[in-house]
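Understanding the architecture of this molecule
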Amino acid sequence: MGSLNVEPLLSLDGLADGALVEAEARLGDDSESLVIHRQGDVVRAWLNVCPHAGRRLDWAPGQFLKSREGLLVCAAHGASFELEGGQCVAGPCRGDALRAVAVEVREGQVWLVGAADA
Ligand code: FES
């Protein structure tokens, strides 16, 4: 097991309800791009990697497509993901899912679970 971020990923104030934002996180030895989504008081995160062809989901860094139905749409070939479990519900990888990354909200900041209390 490598080190986790000891800095928060982002401040909850910068994350509007319903927003999708990108954050870089150190997971083990690698720096990974994450998709972060806020739904009310709940914040969820997934790797910014589409299970279809392994591409990033955003069309430009941090710019994610969200459908009118509230699905995250992969910019590469249009796979659509629901934002509770990260399941692909339409498109070329239907039935697959995004890889979840555990996060928690503490003191108004979003942290990777297990990141050092500071
Ligand atoms: S890489 Fe996302 S739909 Fe193809």
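That block above? That's the structure.
Here's a quick rundown of the structure.

Scoring rules and cut-offs
Residues numbered from 1 in each chain as written. Predicted model: local features only at pLDDT ≥ 70, side-chain atom pairs only at ≥ 80, totals over all residues. Heavy atoms only, no water. Phe/Tyr/Trp six-rings, centres within 6.5 Å; stacked < 30°, edge-to-face > 60°. Lys NZ or Arg CZ within 6 Å of the ring centre and 35° of its normal. Helix = DSSP H or I, 4+ residues; strand = E, 2+ residues; numbered from the N terminus. Pairing = 2+ DSSP bridges. Core = buried A, V, L, I, M, F, W, Y, C linked by side-chain atoms within 4.5 Å. Buried < 20%, exposed > 50% of the residue type's maximum accessible area, 1.4 Å probe, protein only.

One pass over the full model with this rule turns up zero aromatic pairs. Above the plane of the ring of tryptophan 111 lies arginine 106, whose end atom (NZ or CZ) is 4.7 Å from the centre.

Peptide bonds are mostly trans, and most non-glycine residues show a negative phi. Phi is positive for glutamate 107, close to 50°, though the residue is something other than glycine. In this structure, glutamate 107 sits in the loop between β10 (103-106) and β11 (109-112).

The next point concerns the sheet that holds strand β1 (residues 10-11). Taken in spatial order, the three strands of this open sheet run β1-β11-β10, and their pairing is antiparallel. Of all the strands in the sheet, the pair left with one neighbour each is β1 and β10. Pairing analysis gives two bridges linking β1 to β11, with the strands arranged antiparallel. Looking across to β11, one finds that serine 11 is bridged to glutamine 109.

Across four bridges, β10 lies against β11 in antiparallel orientation. In the strand pairing of β11, arginine 106 is matched with glutamine 109. In sequence, β10 turns back onto β11 through a hairpin of two residues, with glutamate 107 there showing a positive phi of about 50°.

Take the environment of glutamate 69 next. In this fold, glutamate 69 is placed in the loop between β5 (65-66) and β6 (72-73). Between the C-alpha atom of glutamate 69 and that of glutamate 82, which follows or precedes it by 13 residues, the distance is 9.1 Å.

Leu9, Leu15, Leu34 and Ile36 are the most contacted members of the largest nonpolar core, which totals 17 residues. Among the elements of the structure, β2 (20-27), β3 (30-39), β4 (42-47) and β11 are those that each provide at least two residues to this core. One finds Phe64, Cys74, Leu83 and Cys88 within the second-largest nonpolar core, a separate group that totals 14 residues.

All right, on to the pairing of β4 then. Across six bridges, the pairing between β3 and β4 is antiparallel. Bridge assignment links histidine 37 to a residue of β4, and that residue is arginine 44. A loop of two residues connects β3 with β4, the two strands running antiparallel in sequence, and glycine 40 in this loop sits at a positive phi of about 65°. The sheet contact formed by β4 and strand β9 (residues 100-101) spans two bridges and is antiparallel. Bridged to tryptophan 46 within β9 is alanine 100.

The values reported here are purely geometric and, on their own, carry no functional implication.
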